[in-house]
Amino acid sequence: MIDSDFLSQLERIVGTEGLVRDESELLTYESDGLMSHRSRPAAAVLPETAEQVQAVVSLCHRHKVPFVARGQGTGLSGGALPHPDGVLVVMTRMNRVLDIDIPNQRITVEPGVMNLEVTRRVTPDGYYYAPDPSSQVICSIGGNVAENSGGAHCLKYGFTVHHVLGVEAVLPDGSMVHLGGAALDSPGLDLLGVVVGSEGTLAVVTKVTLRLMRRPQAVRTLLAAFDSTDAAGNAVSDVIAAGIIPAAIEMMDRTTIRAAEAAVQPGFPDAEAVLIVELDGPQSEVDTLFRQIEAVCERNQAWGVQVAQDDAQRGRIWMGRKAAFAAMGRVSPNYYVQDGVIPRSTLPEVLRRIRALEQRSGLTIGNVFHAGDGNLHPLVCYDDAVEGQAELAEQVASEILSYCLDVGGSLTGEHGIGSDKACHMPKMFSDDDLATMQLVRVAFDPHELCNPDKLLPTPRLCGEVPGPYRAHPAEVAGLATRV
Amino acid sequence: MATGPSDVALTDLNTRLGAPVARAGAGSDAVDGVVPRLVVEPQTPANVGGTLAWATESGRTVIVRGGGTKIGWGPTPGPIDVLLSMRRMSGVEAHRHGDLTATVQAGTTLSAMNAVLAEHRQWLALDPPDPDTATIGGIVATNDSGPRRHWHGAPRDLIIGMTLARADGVMAHSGGIVVKNVAGYDLARLLTGSFGSLGVVVNATFKLAPRADASRTVAVTLAGPEQCGPYVAALVAQASMPTALELAAPPPAMLVRFESVETVAEQQALQAVTLAEQQGGRAVVLAGDDESHAWRAHDTRVFGTGQDGTILKIVTVPNEVSSTLTRITEAAQTNHLDYAVTGRAGLGVLNVLVQGATEARASFVTMLRDRFLPGQGSVVIRRADAELKSLVGVWGPIGDGLPIMREVKRRFDPTGTLNPGRGPAG
Ligand SMILES: Cc1cc2nc3c(=O)[nH]c(=O)nc-3n(C[C@H](O)[C@H](O)[C@H](O)COP(=O)(O)OP(=O)(O)OC[C@H]3O[C@@H](n4cnc5c(N)ncnc54)[C@H](O)[C@@H]3O)c2cc1C
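Calculation notes
Residue numbers here run from 1 along each chain, matching the order of that chain's written sequence. Note on labels: chains are lettered from A, ligands numbered from 1, in written order. Predicted model: local features are reported for residues with pLDDT of at least 70 only, side-chain atom pairs are reported and counted for 80 or more only, and whole-chain, interface and lining totals are derived from all residues. Excluding hydrogens and water, the side-chain values take into account all heavy atoms of the structure. Elements are defined by DSSP. Helices are runs of H or I of four residues or more, strands are runs of E of two residues or more, and each kind is numbered from the N terminus. Within these notes, the globule rule equals 2.2 Å times the number of residues to the 0.38 power, and the radius of gyration is based on C-alpha atoms. The buried label goes to any residue with under 20% of its type's maximum accessible area, the exposed label to any with over 50%, and the partly exposed label to all in between, with areas taken from a 1.4 Å probe on protein chains only. Only heavy atoms enter the contact rule, under which two residues are in contact if any of them lie within 4.5 Å. To be clear on the numbers: accessible area is Shrake-Rupley with a 1.4 Å probe, and residue cover counts the displayed protein chains and nothing else. When charges are counted, Lys and Arg are positive and Asp and Glu negative, with His and the chain ends excluded. Lys charges are placed at NZ, Arg charges at CZ, Asp charges at CG and Glu charges at CD. The domain limits used here are those given by an automatic or database domain assignment. Accessible-area loss on putting two parts together, using a 1.4 Å probe and summing over both, is the definition of buried area adopted here. Definition used for salt bridges: Asp or Glu carboxyl oxygen within 4 Å of a side-chain nitrogen of Lys or Arg. Side-chain atoms alone can form a polar contact between residues adjacent in sequence; in general such a contact is a pair of N or O atoms within 3.5 Å, and within protein one must be able to donate a hydrogen while the other accepts it. Following the grouping adopted for this structure description, the nonpolar residues are Ala, Val, Leu, Ile, Met, Phe, Trp, Tyr, Cys and Pro, the charged ones are Asp, Glu, Lys and Arg, and the polar ones are all others, Gly among them. Here, the arc refers to the directions that run from the helix axis to the C-beta atoms. Think of each axis as a best-fit line through the C-alpha atoms, taken over the contacting stretch in the case of a helix, with angles from 0 to 180 degrees between the N-to-C directions. Working definition: roughly parallel below 35 degrees, roughly antiparallel above 145 degrees, roughly perpendicular at 65 to 115 degrees, and oblique for all remaining angles. We call a crossing left-handed when the near helix sits turned anticlockwise from the far one by less than a right angle, and right-handed when that turn is clockwise.

What follows is about the overall build of chain B. Scanning chain B from terminus to terminus reveals 14 helices and 19 strands. Relative to its length of 426 residues, chain B is compact, with a C-alpha radius of gyration of 22 Å against a globular reference of 22 Å. Dimensions of chain B, computed from C-alpha atoms along their principal axes, come out at roughly 70 × 55 × 40 Å. Put simply, chain B has 426 residues, and 63% of those count as buried. Contacts spanning at least 24 positions in sequence make up 69% of the contacts within chain B whose residues lie at least 6 apart. Element-wise, carbon and sulfur atoms account for 53% of the exposed surface of chain B, whose accessible area totals about 14900 Å². Side chains of chain B carry 37 positive and 39 negative charges; the gap between the two charge centres is 4 Å.

This brings us to the domain arrangement of chain A. Residues and elements named next belong to chain A. What the domain assignment reports for chain A is domain 1 (4-90), domain 2 (97-214), domain 3 (216-328), domain 4 (332-420) and domain 5 (425-476). The C-alpha-based centres of domain 1 and domain 2 are spaced at 22 Å. When domain 1 packs against domain 2, the two sides together hide about 1200 Å² of surface, and 63% of this comes from carbon and sulfur. Considering only the side of domain 1, the residues that lose the most area to domain 2 are Gln54, Gln72 and Thr74, jointly responsible for 33% of the buried surface there. Linking domain 1 with domain 2 are zero salt bridges. Within the residue set of the side of domain 1 that touches domain 2, elements represented by two or more residues are helix H3 (50-63) and strand S3 (67-70).

The next subject is the interface of chain B and chain A. In this complex, chain B contributes 72 residues to the contact, which on the side of chain A involves 85 residues. Buried surface at the junction of chain B and chain A, both sides included, amounts to about 6300 Å², of which 62% is carbon and sulfur. Among the residues chain B hides against chain A, the three largest losses belong to B:Lys180, B:Val182 and B:Tyr185. Together they make up 16% of the total. The interface formed by chain B and chain A holds four salt bridges in total. Across the salt bridge formed by A:Asp185 and B:Arg149, the nearest N and O atoms sit 2.7 Å from each other. Across the contact surface, chain B and chain A share 22 residue pairs in polar contact (both at pLDDT 80 or more). Of the residues assigned to the side of chain B that touches chain A, the class counts are 36 nonpolar, 22 polar and 14 charged.

Residue and element names in this part refer to chain A. By the burial criterion, the buried members of helix H12 (residues 324-331) are Ala324, Phe325, Ala327 and Met328. The arc that holds the buried residues of H12, viewed along the axis, is 155°, so those residues lie on one side. For H12, the exposed residues lying more than 90 degrees away from the buried face are Ala326 and Arg330. On its buried face, H12 sits against strand S13 (248-253), helix H9 (254-264), helix H11 (311-322), strand S16 (334-337), strand S17 (365-370) and strand S18 (378-382).

Take H9(A) next. Note: α-helices contain 3.6 residues per turn, so residues at a spacing of three or four share the same orientation. Residues and elements named next belong to chain A. For H9, the complete set of buried residues consists of Thr256, Ile257, Ala259 and Ala260. Across the axial projection of H9, the buried residues extend over an arc of 165°, all falling on one side. Where H9 ends, the next residue or the one after it, Gln265, has phi of about 45°, a positive value.

On to the domain arrangement of chain B, then. Residues and elements named next belong to chain B. On domain assignment, one finds that chain B holds domain 1 (7-85), domain 2 (92-210), domain 3 (214-301) and domain 4 (307-392). Relative placement of domain 1 and domain 2: their C-alpha centres are 23 Å apart. Between domain 1 and domain 2, roughly 1200 Å² of surface is buried when both sides are summed, and carbon and sulfur atoms account for 73% of that area. The largest share of the area that domain 1 buries against domain 2 comes from Thr69, Lys70 and Trp73, three residues that together contribute 37% of it. At the surface where domain 1 touches domain 2, the tally comes to zero salt bridges. Applying the counting criterion to the domain 1 and domain 2 interface returns one residue pair in polar contact (both at pLDDT 80 or more). In terms of residue count, the dominant contributor to the side of domain 1 that touches domain 2 is helix H2 (residues 45-57) (six residues).

In this section: the packing of helix H8 (residues 228-237) of chain B against helix H9 (residues 262-278) of chain B. To characterise two packed helices, one gives the angle between the axes of the helices and the distance between these axes. Residues and elements named next belong to chain B. For the pair H8 and H9, the least separation of the axes is 10 Å and the interaxial angle reads 140°. One finds that H8 runs oblique with respect to H9. For the pair H8 and H9, the crossing hand works out as right-handed. Residues Tyr231, Ala234 and Leu235 of H8 lie in contact with H9, whose contacting residues are Ala272, Leu275 and Ala276. Its residues assigned to classes, the contact of H8 with H9 comprises six nonpolar, no polar and no charged.

Turning our attention to the pattern of salt bridges. Residues and elements named next belong to chain B. The final tally for this structure, using the stated rule, is 48 salt bridges over all chains. One salt bridge connects Arg257 with Glu291, and the closest N-O pair in it is separated by 3.7 Å. Residue Arg257 is located in strand S14 (residues 253-260), and its partner Glu291 is located in helix H10 (residues 288-303); the two are separated by 34 residues in the primary sequence. An identical accessibility class is assigned to Arg257 and Glu291; each is buried. Among the ionic pairs, Arg371 bridges to Glu320, the shortest N-O distance being 3.7 Å. Here Glu320 lies in the loop between strand S16 (310-316) and helix H11 (321-334) and Arg371 lies in helix H12 (residues 358-371), a separation of 51 residues in the sequence. Among the charged side chains, a network of salt bridges with common partners joins Asp127, Arg148, Arg257, Glu259 and Glu291.

Shown next, in the form of structure tokens:
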């Protein structure tokens, strides 16, 4: 229980500046990027040091008060949704770059440092930080670590987990541990590999050592238009079949192309689908493979091919892609983003089902996705002002997830399970699978204090029989069906 | 503990499994000189689970073996009730070539797996020692890799899904068959490198790589070990993209491999030659048989079948590879040991073979361990006699993460059934 005594102890740790208890100020933290889930924390703290984090967590542990870490609050699965009876630990003031070690291609930062800031700091030396979520200007490294965030260039270079070498973290009992380090292969169990992607449920990360990459010699980017998403999908398959792993292959459909055009005018052709393909590496390799990519596009009847001639043109193409989510705001009052993954060879089949669902439900569904690794981002458009549409949108989004699971895919490729999809977990994993994951959780957090009710389904969250579906009027009316 | 004679246990287990899957252990089954009471070679996941459940319920210990190539790694076991051999759980279950993924049973050897994947010019991009005998389960359990880790990563970087059998016999899945997936805790990664102490790998799913068209290797002879660091730095600085960047000593030499389309591999190799010459070294480009030869010779320097001796894994940060190599040389000379080093110059992961008196090897390990601050490097014993392992310990300092690692082990295996004492956290 959080009482005034508890609050004054918090205040002693983080100072008056670092404690938020005012009801209206707490509103700021009510939700993360998943606006449909809201909850006000009992208190929020903004620690400045790892010691303060440790003291806050220890206090919570002693009083059995739940706590939730929050980075920049851009998460799309409700991972940073506050606990109504708990403390929100906001990491934004821990934003120092602690050590830049170019000879070892390492950088050590506090978790509140923004993703893009890492690259910015090492650009003068010719290095960059590879994972590049579209939100890289506004999301924190701590959030990236928690979500194992991806980005367009993860096809070739891997996800956050492949670039985090070590963390300092406060465990739910208040003890501090160092997992991994500047050197690879620290002896011991690979707990680093589990903490990355654990959505803030195992520990609060207070320091992160990242691997830096050398800027490639050459980069070439191509944009190609297609008369159908099938044709674009076939081009993707042909690229992979040719044994080429591009730095990125992204696809957008007509809805998201138009939205991006309306928002940032990247000069995309008005097509059923566009592909963005980027190659990087040694100049000679890029030149050779680029010709093969052009040939693949031609074979699949691509048109309106644009090849970026310089960084400015490349920047414009990527701006169009990265703005796609936000741009949907221009064509729809509200939208719901999904993050399901499918084996990339099933792309045409799954897209056809999504099209059929779009017609049946009457809701517009935009598609923008990491085509190279089969990570879909269907954007289900709705209007909150229209009675029942929000629920219908959630229903439609759920159905898309079922399509993904039908073909052996996953509920989420990069946004995480959070509170949004915890109740869907039993559709992907058996009770035994979930019970085994729970073993990890209880080893770290036996008292269920650290971001509880996220990631794994709980009876409190999902009811006795875990499962997200309630019969919806639209379903009864035959507009949407369960699979 | 099992009290009755082994044949009672044998009958009991075979009855439970409904088939004569278990047999009595023999001298040839010994692990670090310890002969297991029973050996089980299941052919189905159900029998893996059944064996584990039986062992846990009756308080018996189980050691898991794949191809046996690394069974001597890890601390010397106490008495072994059951040796669980995964050898017969073999075969590629699915090769989804359009998706660049494959699922394989744990007892499949790496070579057998890659032979299947080769039909579509793909492979599991791992090249650890003993590919003809090492199984996927063993490679995953030890997170073992080889020179191409430089570009492709280690098993922990390539594994995307797993079916595992828990100590209590329950089967669990993690991850899936898609290359991008953040649903749930990554148990596959947790089990990778856990030395069979948390669960038994039944099958694993990996992301694959296309086979390159062509390969070239630059063999570099360096003036001295201190030349290694600057050469690697120079390669990095010009954004060269080798798939392997290997160091060997003594005498100090390097192998740098480029794999791409032919003209590109050739051109990159020539650039690497020029760079070596600028640094005062000598270099030649190898292709075809010469290239294969050079790599075979390199691989067998530390891991060759004829090599006995202690194998250590010494890890440092990349920029300290040269100085670490110098320290290794000095420590070997001080302790009158013969030694050979190979390893990933760009990653800081070295394999070291040392031969000599036990106390001298122990002193060598201690001298090098003392040099590393936590998180900055480590000296782990891979293969060694029981005596050395008991003198200096296999892992060296694990750091402040040890209590939580022990707690994870305790939750997964509360009765201490699985590879007891052999994993890094018990
Ligand atoms: C427009 C837009 C585009 C996006 N594009 C992408 C994309 O391309 N790829 C992608 O992967 N994601 C994307 N996202 C999602 C989001 O940006 C990422 O998940 C990001 O990593 C979240 O970082 P954050 O700092 O905002 O974390 P938050 O949202 O504050 O928190 C996310 C999770 O991390 C935990 N957490 C935060 N800090 C810590 C810490 N120090 N220790 C422990 N746990 C912590 C929280 O508890 C929570 O569970 C996008 C989001 C938006 C709004």
